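Here is what each chain is made of, one letter per residue.
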Amino acid sequence: MVTDVAADRTRVLEAADRLFNARGVQAVGMDAVRAAAGVPLKRLYAAFPSKDALVVAVLQRRSGTWDAGIAAASATAASPRERLLAVYDFLGEWFRSDGFRGCAFINAFGELGGVSPAVADAVRAQKESFQRYVAGLVEELGAPPALATQLALLAEGAQTTAAIGDSPEVAAHARAAAGTLIDAALAAPTA
C-alpha cells in the first residue's frame, strides 16, 4: 500500500496545531498527535523526526496563515494609513474567532523558547517578518521608521492582552492608539 506522505504531513500539522492551540505544546505528546491525525507513529516520525521539528513546522504554517490574513485585510484599504489600521481590524476579527488562545508564537516561545533554539528561531523569524511588513507600510505612508516598531509593539501587546483578558475589544483600543501614533508621527516636524 502506497501512502500519501503529503496528506499524512497535512493531517499531522492540522492535528498538532489544534492540540497545541487548545492545550499547549508541552502538554501534548506525539502519541496524542498521532491519534488525532490518524496516522501510524512510524509515519508521524518519518514526516517529523522530533517534536521540535513538528512545532517548528506548525509555527511556519501559522506564519503563512498570519501573513495571508494581514495582507488580505490591508489589501482592500484605500490609503497607506488605512492599510496600517487594517492590521488592527484583522486582530479584532481574529480575537473574536472560535479557538482564539493568543498568539501561537508567543505561547510557543513561552513554553519552549529557553530550551529549543529551533522554536526560538522560528518565533523570532515570524516576529521579524511582521516588523518588516509594518515597516514597509510605514515607509509607504512616509512616516518616520520608528513608527513601525511602535505599531508592531502595539499589535503584539494587543494579542497578549486579548488572550489573557479574554477581551476582543482590545483590538479597537489598539486601533485607536495606532491612529493617534500615526497622526502624531506625520505631524512631527522632520529633522
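Residues numbered from 1 in each chain as written. Predicted model: local features only at pLDDT ≥ 70, side-chain atom pairs only at ≥ 80, totals over all residues. Heavy atoms only, no water.

**Brief notes about the overall build of the chain**
Here comes step 1: Looking only at helices and strands, one finds 9 helices and 0 strands in the chain.
Here comes step 2: Along the chain, from the amino end to the carboxyl end, the secondary structure elements read α-α-α-α-α-α-α-α-α.
Here comes step 3: Its C-alpha atoms put the chain at 65 × 35 × 30 Å along the principal axes.
Here comes step 4: Among the 191 residues that make up the chain, the fraction classed as buried is 41%.
Here comes step 5: Restricting the contact set of the chain to residue pairs at least 6 apart, pairs at least 24 apart contribute 67%. (Helix = DSSP H or I, 4+ residues; strand = E, 2+ residues; numbered from the N terminus. Buried < 20%, exposed > 50% of the residue type's maximum accessible area, 1.4 Å probe, protein only. Contact = heavy atoms within 4.5 Å.)

**A word on the packing of aromatic side chains**
Here comes step 1: What the rule picks out here adds up to 6 aromatic pairs.
Here comes step 2: Arranged with centres 5.7 Å apart and planes meeting at 40°, the rings of tryptophan 94 and phenylalanine 95 form a pair that is tilted. No difference in accessibility class separates tryptophan 94 from phenylalanine 95, as the two residues are buried.
Here comes step 3: Taken together through their ring pairs, the aromatic side chains of Trp66, Phe90, Trp94, Phe95, Phe100 and Phe130 make up a single cluster. (Phe/Tyr/Trp six-rings, centres within 6.5 Å; stacked < 30°, edge-to-face > 60°.)

**Quick look at the UniProt feature "domain: HTH tetR-type" (unreviewed entry) in the chain**
Here comes step 1: Following the UniProt record, one finds the feature "domain: HTH tetR-type" (unreviewed entry) at residues 6–66.
Here comes step 2: Counted over residues 6–66, helix gives 80% and strand 0%. Its end C-alpha atoms are 22 Å apart. (UniProt positions renumbered as here; feature names shortened; annotations may be inferred.)

**Things to note about unusual backbone geometry**
Here comes step 1: Phi is positive for aspartate 166, close to 50°, though the residue is something other than glycine.
Here comes step 2: Here aspartate 166 is to be found in the loop between α8 (146–165) and α9 (170–187).
Here comes step 3: When its relative accessible area of 68% is taken as the criterion, aspartate 166 is described as exposed.

**Let's talk about the pattern of salt bridges**
Here comes step 1: Counted under the stated rule, the structure contains 13 salt bridges.
Here comes step 2: One salt bridge connects aspartate 8 with arginine 11, and the closest N-O pair in it is separated by 2.4 Å. Placement of the pair is aspartate 8 and arginine 11 together in helix α1 (residues 5–23), with a separation of 3 residues, close to one helical turn.
Here comes step 3: Overall, arginine 11 belongs to the partly exposed group, its relative accessible area being 34%.
Here comes step 4: The salt bridge partner of aspartate 121 is arginine 124, with a shortest N-O separation of 3.9 Å. Placement of both aspartate 121 and arginine 124 in helix α7 (residues 117–141) is noted, with a separation of 3 residues, approximately one turn of the helix.
Here comes step 5: Judged by relative accessible area, aspartate 121 falls into the partly exposed class, the value being 48%. (Salt bridge = Lys/Arg side-chain N within 4 Å of Asp/Glu carboxyl O.)

**Here we look at the domain arrangement of the chain**
Here comes step 1: Annotation of the chain at the domain level lists domain 1 (1–49) and domain 2 (50–187).
Here comes step 2: Facing 17 residues of domain 1, the contacting portion of domain 2 comprises 13 residues.
Here comes step 3: The contact between domain 1 and domain 2 buries some 1,500 Å² in all, and 59% of this surface belongs to carbon and sulfur atoms.
Here comes step 4: Counting across the domain 1 and domain 2 interface gives 3 salt bridges.
Here comes step 5: The closest approach of N and O atoms between arginine 62 and aspartate 17, which form a salt bridge, is 2.9 Å.
Here comes step 6: For the pair domain 1 and domain 2, the interface holds 8 residue pairs in polar contact (both at pLDDT 80 or more).
Here comes step 7: Elements represented by at least two residues in the side of domain 1 that touches domain 2 include exactly α1 and α2 (30–37). (Domains from an automatic or database assignment. Buried area = accessible area lost by both parts, 1.4 Å probe. Polar contact = N/O pair within 3.5 Å; in protein donor to acceptor, adjacent residues only side chain to side chain.)

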